[in-house]
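Structural overview for review
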Amino acid sequence: MHATQYCDVLLLCGLVVFLFSYFSPHYLLLDTVITGGDSASWQGVADHLANVLIPNGRLTGWDMGNFCGYPNFVFYFLPPFLLAAFSHLVFGFPLAVTIKWAVMSGIFLLPVTAFFGLKRMKYRFPVPIMGAFASLLFMFNESYTMFGGNTLSTFVGEFCYMFAFAVFAYFIGSFYHGTKTGTGAISNGILLGLIGLSHLFIFIPALLLLIAAFFYKTKTKYLFKVAITCFMCMA
């Protein structure tokens, strides 16, 4: 490894450690219901997924927990809740703990995905690590509390948005690399599908990248493979 690579690893690990220390792992490990905005209501949604739907071989279904019943995960986003449900079912962690980690997943992932997204775009040191640190400026922006993409919005319930935004940061770099080399159509389609299943508002700009690539003379066959893979994942 070159000195710059050691520096990248050291700084990125330091950034992740900072986030863990800032948000106090002690509270993330307490078996208590998360609160703040809509967050407490997600406990019931995750419980229904983990203890009713998945044991019956389903990912969607009718839940009587709210509104005299409603179709869980038909109109809302599944993948971040799967993180909580599978961690609870496979490893036996309390669901109240795993939902906290699912909520925080986008926050912990964003600097990492920003770093590797810029790496995929072939930017050299120090641009990728600067991008990782720059993501904190967006994440800790306190000018709004409910539109998604920052910590305050995440803590009031917009954690699916934050998770999708973190995946989007890597998708930008991966898709750019793919359009230049003609590789990775399947993996980019899976990433795009994951974004679409995680939050519509992030899926829209991700989809616009495909449209922009079409007008920039990217091979139609490549874009078609990405789009078809995405559709199959979301269907």
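Summarised in this report is the structure supplied together with it. Quick caveat: nothing in here was measured; it's all calculated off a predicted structure.

Reading the values: the criteria
Residues numbered from 1 in each chain as written. Predicted model: local features only at pLDDT ≥ 70, side-chain atom pairs only at ≥ 80, totals over all residues. Heavy atoms only, no water. Helix = DSSP H or I, 4+ residues; strand = E, 2+ residues; numbered from the N terminus. Rg over C-alpha atoms; globule rule 2.2 N^0.38 Å. Buried < 20%, exposed > 50% of the residue type's maximum accessible area, 1.4 Å probe, protein only. Salt bridge = Lys/Arg side-chain N within 4 Å of Asp/Glu carboxyl O. Polar contact = N/O pair within 3.5 Å; in protein donor to acceptor, adjacent residues only side chain to side chain. Contact = heavy atoms within 4.5 Å. Patch = residues over 30% accessible without salt bridge, like charges linked within 9 Å, V, L, I, M, F, W, Y side chains within 5 Å. Areas by Shrake-Rupley, 256 points an atom, 1.4 Å probe, with all protein chains shown as cover.

**What about the overall build of the protein?**
Secondary structure assignment for the protein yields 11 helices and 2 strands. Scanning the protein from its N terminus toward the C terminus, one meets helices and strands in the order α-α-α-β-β-α-α-α-α-α-α-α-α. Over its C-alpha atoms the protein spans a radius of gyration of 19 Å, differing by no more than 12% from the 18 Å that the globule rule assigns to 235 residues. C-alpha atoms of the protein, sized along the principal axes, occupy 50 × 40 × 35 Å. Per-residue burial over the protein gives 45% buried out of 235 residues.

**Structural notes on the pattern of salt bridges**
Here the structure, examined in full by the defined rule, presents 1 salt bridge. Of the charged contacts in the structure, one is a salt bridge between Lys119 and Asp8, with a shortest N-O distance of 3.4 Å. Taken together, the positions of Lys119 in helix H5 (residues 95-120) and Asp8 in helix H1 (residues 3-22) put the pair 111 residues apart, joining distant regions of the chain. Given the relative accessible area of 4%, Asp8 is considered buried.

**Here's the deal with the side chain of Ser135**
Its place among the elements puts Ser135 in helix H6 (residues 127-139). Classification of Ser135 as buried rests on a relative accessible area of 8%. Engagement of the side chain of Ser135 in a polar contact is seen with the backbone oxygen of Ala132, the distance being 2.5 Å. Residue contacts for Ser135: discarding those within four places in its chain leaves Leu110, Pro111 and Ala114.

**Some remarks on a nonpolar patch on the surface**
Where nonpolar side chains cluster on the molecular surface, the patch consists of Leu200, Phe201, Ile204, Leu208, Ile211, Phe214 and Phe215 and spans about 730 Å² of accessible area. What makes Ile204 partly exposed here is its relative accessible area of 42%.

**Re the environment of Tyr70**
Tracing the sequence through the fold places Tyr70 in strand S2 (residues 70-72). By relative accessible area, which is 17% here, Tyr70 ends up buried. The spatial distance from the C-alpha of Tyr70 to the C-alpha of Lys119 is 43 Å, given a sequence separation of 49 residues. What Tyr70 contacts, discounting residues up to four positions off in sequence, is Val45, Gly61, Trp62 and Asp63. A distance of 3.0 Å separates the side chain of Tyr70 from the side chain of Asn72, its partner in a polar contact.

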